[in-house]
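# Fold and geometry: a report
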Amino acid sequence: MEAPPVTVMPVTGGTINMMEYLLQGSVLDQALESLLHRLRGLCDNMEPETFTDHELVYLLKGQQGNPFILRARRSLSHPTAPWHLRYLGQPEVGDKSRHALVRNCVDVAASHSLPEFLNEMGFRMDHEFVANGHIFRKGAMKIVVSKLSRILVPGNTENTERLSLSYLVELSVLAPAGQDTVSEDMRNFAEQLKPLVQLEKIDPSKQRH
Amino acid sequence: MSGGPAVRVSIESSCEKQVQEVALDGTETYVPPLTMSQNLAKLAQRIDFSQGSDSEEEGTEGEPRDREWGKQEQEEEEGTVKFQPSLWPWDSVRNNLRSALTEMCVLYDVLSVVKEKKYMALDPVSQDPTAGKSPQVFQLISKKKSLATAAQVLLKGAEKLSKSVAENLENRRQRDFNSELLRLRSQWKLRKVGDKILGDLSYRSAGSLFPHHGTFEVIKNTDIDLDKKIPEDYCPLDVHIPSDLEGSAYIKVSIQKQSPDIGDIGTVSLFRRPPKTKAGTQPWHAKLEAAQNVLLCKEIFAQLSREAVQIKSQIPHIVVKNQIISQPFPGLQLSISLCHSTGDKKNQRTTPEKASPDDHLYVLEHNLHQMMREFHKQQLSSVVMPHPASAPFGHKRLRLAGPLAYNKAEISNLQQSEGLLEKIIKQAKHIFLRSRTARTIDSLASRIEDPQIQAHWSNINDVYESSVKVLITSQGYEQICKSIQLQLNIGVEQIRVVHRDGRVITLSHQEQELQDFLLSQMSQHQVHAVQQLAKVMGWHVLSFSNHVGLGPVESVGNASAVTVASANGEYAISVRNGPESGCRVLVQFSRSQTKELPKSDVIQDGKWSHLRGAYKEVSWSRMEGRNFVYKMELLMAALTPGP
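Before going into details, it helps to say that this report is about the structure given with it. None of these values were measured; they are calculated from a predicted model. (Residues numbered from 1 in each chain as written. Chains lettered and ligands numbered in written order. Predicted model: local features only at pLDDT ≥ 70, side-chain atom pairs only at ≥ 80, totals over all residues. Heavy atoms only, no water.)

### Comments concerning the environment of Ile336(B)
With respect to the helices, strands and loops of the structure, Ile336(B) is situated in strand S10 (residues 333-341). In the structure, Ile336(B) is positioned 81 residues away from Ile255(B) in sequence and 8.8 Å away in space, judged by C-alpha atoms. (Helix = DSSP H or I, 4+ residues; strand = E, 2+ residues; numbered from the N terminus.)

### Some points on the sheet that holds strand S5 (residues 215-220) of chain B
Residue and element names in this part refer to chain B. As summarised here, the arrangement of the four strands in space is S3-S4-S5-S6, forming an open sheet in which the pairing is antiparallel. With one partner strand each, in any of the chains shown, strand S3 (189-193) and strand S6 (237-240) form the two edges of the open sheet. Averaged over neighbouring strand pairs, the angle between their axes works out to 35 degrees when direction is ignored. For S3 and strand S4 (residues 196-200), the ladder comprises five bridges, and the chain directions are antiparallel. Across the sheet, lysine 189 pairs through a bridge with aspartate 200, a residue of S4. (Pairing = 2+ DSSP bridges. Axes fitted to C-alpha atoms, helices over the stretch in contact; angles between N-to-C directions.)

### Structural notes on the interface of chain B and chain A
Much of the literature gives interface size as the accessible area that the parts lose upon coming together. With 14 residues of chain B at the interface, the matching set in chain A holds 27 residues. Where chain B abuts chain A, roughly 1,800 Å² becomes buried across the two surfaces, and 69% of that area is made up of carbon and sulfur atoms. When the buried surface of chain B facing chain A is broken down by residue, Met385(B), His387(B) and Phe393(B) rank first, second and third, together holding 38% of it. Linking chain B to chain A there are zero salt bridges. Inspection of the region where chain B meets chain A yields seven residue pairs in polar contact (both at pLDDT 80 or more). A per-class count over the side of chain B that touches chain A returns 11 nonpolar, two polar and one charged. (Contact = heavy atoms within 4.5 Å. Buried area = accessible area lost by both parts, 1.4 Å probe. Salt bridge = Lys/Arg side-chain N within 4 Å of Asp/Glu carboxyl O. Polar contact = N/O pair within 3.5 Å; in protein donor to acceptor, adjacent residues only side chain to side chain. Nonpolar A, V, L, I, M, F, W, Y, C, P; charged D, E, K, R; others polar.)

### Here's the deal with the sheet that holds strand S20 (residues 612-618) of chain B
Residue and element names in this part refer to chain B. Strand order in the open sheet formed by five strands is S16-S17-S18-S19-S20, with antiparallel pairing between adjacent strands. Since the sheet does not close on itself, it has two edges, and those belong to strand S16 (540-545) and S20, each with one partner. Adjacent strand axes in the sheet meet at a mean angle of 20 degrees, parallel and antiparallel pairs treated alike. Note: S16 against strand S17 (residues 560-565), five bridges, orientation antiparallel. Bridging across to S17, serine 545 finds its partner in alanine 561. Across the sheet, helix H13 (residues 511-537) touches S16, S17 and strand S18 (572-578), and the angle it forms with S17 is around 15 degrees.

### Let's talk about a positive patch on the surface
Residues Lys138(A), Lys189(B), Arg191(B) and Arg204(B) make up a contiguous surface patch of positive charge. Within the secondary structure, Lys189(B) is located in strand S3. (Patch = residues over 30% accessible without salt bridge, like charges linked within 9 Å, V, L, I, M, F, W, Y side chains within 5 Å. Areas by Shrake-Rupley, 256 points an atom, 1.4 Å probe, with all protein chains shown as cover. Lys, Arg positive; Asp, Glu negative; His and termini not counted. Charge placed at Lys NZ, Arg CZ, Asp CG, Glu CD.)

### Observations regarding the side chain of Gln292(B)
Residues and elements named next belong to chain B. Mapping glutamine 292 onto the fold places it in helix H7 (residues 283-310). A residue is classified by how much of its surface remains accessible, and glutamine 292, at 16% relative accessible area, is buried. A distance of 3.1 Å separates a polar atom in the side chain of glutamine 292 from the backbone oxygen of leucine 201. If sequence neighbours within four positions are ignored, glutamine 292 has contacts with Trp188, Leu201, Ser202 and Tyr203. (Buried < 20%, exposed > 50% of the residue type's maximum accessible area, 1.4 Å probe, protein only.)

### Regarding a nonpolar patch on the surface
Residues and elements named next belong to chain B. Where nonpolar side chains cluster on the molecular surface, the patch consists of Leu40, Trp90, Val93 and Leu97 and spans about 340 Å² of accessible area. Structurally, the position occupied by tryptophan 90 is in the loop between helix H3 (62-78) and helix H4 (91-116). When its relative accessible area of 34% is taken as the criterion, tryptophan 90 is described as partly exposed.

### Focus on helix H14 (residues 628-639) of chain B
Note: α-helices contain 3.6 residues per turn, so residues at a spacing of three or four share the same orientation. Residues and elements named next belong to chain B. Taking 1.5 Å of rise per residue, the 12 residues of H14 would be expected to cover 16 Å, and the 17 Å separating its terminal C-alpha atoms lies within 8% of that figure. Looking only at H14, the buried set comprises Phe628, Val629, Lys631, Met632, Leu635, Met636 and Leu639. Seen end-on, H14 carries its buried residues on one side only, within an arc spanning 155 degrees. On its buried face, H14 is in contact with H13, S17, S18, strand S19 (582-590) and S20. (Expected span 1.5 Å × (residues − 1). Arc of directions from axis to C-beta.)

### Looking at the packing of helix H12 (residues 420-447) of chain B against H13(B)
Relative orientation and spacing of two packed helices are given, respectively, by the angle between their axes and the distance between those axes. Residues and elements named next belong to chain B. Interhelical geometry of H12 versus H13 gives an angle of 40 degrees and a closest axis separation of 10 Å. Of the possible angle classes, the one that applies to H12 and H13 is oblique. Considering only the axes of H12 and H13, their crossing is right-handed. Together, Arg436, Thr437, Arg439, Thr440, Ile441, Leu444 and Arg447 of H12 and Glu511, Leu514, Gln515, Leu518 and Leu519 of H13 make up the contact between the two elements. In terms of residue class, the contact of H12 with H13 is built from five nonpolar, three polar and four charged. (Parallel < 35°, antiparallel > 145°, perpendicular 65-115°, else oblique. Left-handed = near helix turned anticlockwise from the far one by under 90°.)

### Re unusual backbone geometry
Only a minority of non-glycine residues have a phi that is not negative, and only a minority of peptide bonds are not trans. All names here are of chain B. The omega angle of the peptide bond from histidine 387 to proline 388 is 0 degrees, so this bond is cis rather than trans. With an omega dihedral of 0 degrees, the bond running from aspartate 450 to proline 451 counts as a cis peptide bond. Backbone geometry places alanine 405, a non-glycine residue, at a positive phi of 50 degrees. Assignment of secondary structure puts alanine 405 in the loop between helix H10 (396-401) and helix H11 (408-414). A relative accessible area of 60% means that alanine 405 is categorised as exposed.

### Notes on the pattern of salt bridges
This structure, assessed with the given rule, holds 18 salt bridges over all chains. Glu55(A) is the partner of Arg73(A) in a salt bridge, and the nearest nitrogen-oxygen pair spans 2.5 Å. Of this pair, Arg73(A) sits in strand S3 (residues 68-75) while Glu55(A) sits in strand S2 (residues 49-60); the two residues are 18 residues apart in sequence, bridging distant segments of the chain. Notably, a salt bridge pairs Arg183(B) with Glu180(B), separated by 3.7 Å at the nearest N-O pair. You can see Arg183(B) and its partner Glu180(B) sitting in helix H6 (residues 135-187), three residues apart, about one turn around the helix. Among the ionic contacts, a cluster of salt bridges with common partners joins Glu20(A), Arg86(A), Arg103(A) and Asp107(A).

In structure tokens form, the structure reads like this:
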């Protein structure tokens, strides 16, 4: 059966076009404790929370252009929580002086039958991984410190092998497009984490090899 | 020479010139004789100016002189001109020059000393001749002058000292301010805006949504007059709080029976409680805490009045000025008011008589505060961390509603619908119902001595429910008459009565219902007691009914009745007890004992004499005994034939 023609169009998220402002960095395992300590001090006064998530990355290959990527994620620590389907656009080129990476972002909460649905639509799973770590919040900013692990047997989230000896640190904000004050806030926050972790705007498209 | 022959003696001066060299041909070249000035220079060179005069150097520089002498001896051997020190050419010139140099050096030293003024000052010395002329005046003047200078010096020193002391004090105060600021910082949120230090006393970080900014300013209070005495409660740090948060405030909750005049509404008395300051706390701390309390009270009141306007109830809530009035039960008024005294004396003066009735419902006031905090906490924790971690922040219900296809009812179930006002009204209703129940039981217990009512209140209650166990007993017979045990669960709107046998009766909040119910239970108790007593006494129960269908109708409940027969069957006692009509006791005698009965011809056999005869009423009030059951026991005993 022939795959239906796919047009890869930019996706806009409903009525509000949300953008993700992102800064990334990493810390070695040894430095994790001090980073968490610092984050606890800087972030909103909430109970520190841990998470374990399983992310599946789906591709839909069209006739032309880049494949269309969707990320489906579920929480292993909260099995009843809905799945999360996410589309991330290409990083915006534009203002070089902007302090954070900006990309289009569509978030959808989904029911548990999401993988089947995506398969039916013609998406194919490209890769999957398990991320576990800590999540913090400061106002609109979300700070996720996570360890990424490779899944050895497809589908079995118990059997994993960690990818590196370091933790990924992500500082992200969801905001409507054109709010550059957000990136300013993010930079200020990143400054405060400076000696522990260097948060930078990293363009994933340039990391490809 | 003139007497001698004129012999011409020619004298050639010996060659005094020194031969410089003799040439090979024998001609001598001489050193050219010194000219006059050269000679002078030569002689002058010979003068040893460095050598001091004899008197100075004899003792101190003996050795150098010896050396000198040694030198001179060498010079003698060389055959050069030797000089005794005293025989130097121009000795006097040298000596004079030397002394002149010495004088000059001394003069220079003196001048430099005078000029430097470091070690010594020169003062003109009053001349004797002038002193001699007007000695007293000048002495006085000079003394005065010297005293004045001395005084000046002392004054200068004193000034310097006091300045340094003041500086020290200032420094210490500055330090005090800083340490106070540090202490303030450890307890309150501060931030620096421009050259001001602003603090935050709002509950926003704790989850409050109240729009008041709640900012206070930290003031340095170091400009205190140094000359005046420093007051005891002096603190180098002061805080300036917004004027609308000054003073003290509290929420007053009260329940009144009658509705007051409409004119009274909204003018709740403000009586000022003297601010209690704990020893050891800083004045700013007390001030900030008071302001924060005012803020919280205002927030509670604002929340309540907002809800009062929004919530639709059968009897609308009234919000007037600083008072919210609600009617939980008919004829009952719940008033919640915000009392805020800003410290001006006016309010205090005008309403002194209002301060006396202390009808606070402290429990509710406390609960209001507690609920507000809970509300805050809910606000804070309502935004939970998303799972999975990549999901955006937001309410949980928003994330769940889509994937789980919730309908409106399910979504609204997830929301906290009940407001502060509804909760507090419910609590007030419960508190009122509980206190009225207690009063009803107490009044019954005090009015009716037989049977007795005992109420056992549970100590630990829910805010919406409490329970009481009611026992109806007869004095002295507690062990045998345990028939009536009631558990009253007092809720918000109604009272549920659970019988010992499991029957459940629901009573409304009306006082009369409970009273009637208890009265009927008490009347039943008496009949139950007779039944129990009969068992103990060995009598037989012939019939028993809680609700007798015969006889006069009771206005409250039903009458109950019991008939018991003596062991040998000769007597029977019949008791009918109604809540209103009271008790009637009848005794039935056996036929044999009734004299009045005409002897029938039909029943002549002796066995028929055991048939029961007529009833006779016992005049119960004239019976001996302290209560019903005791009287009954005596009656039974009297009717039991002795052994």
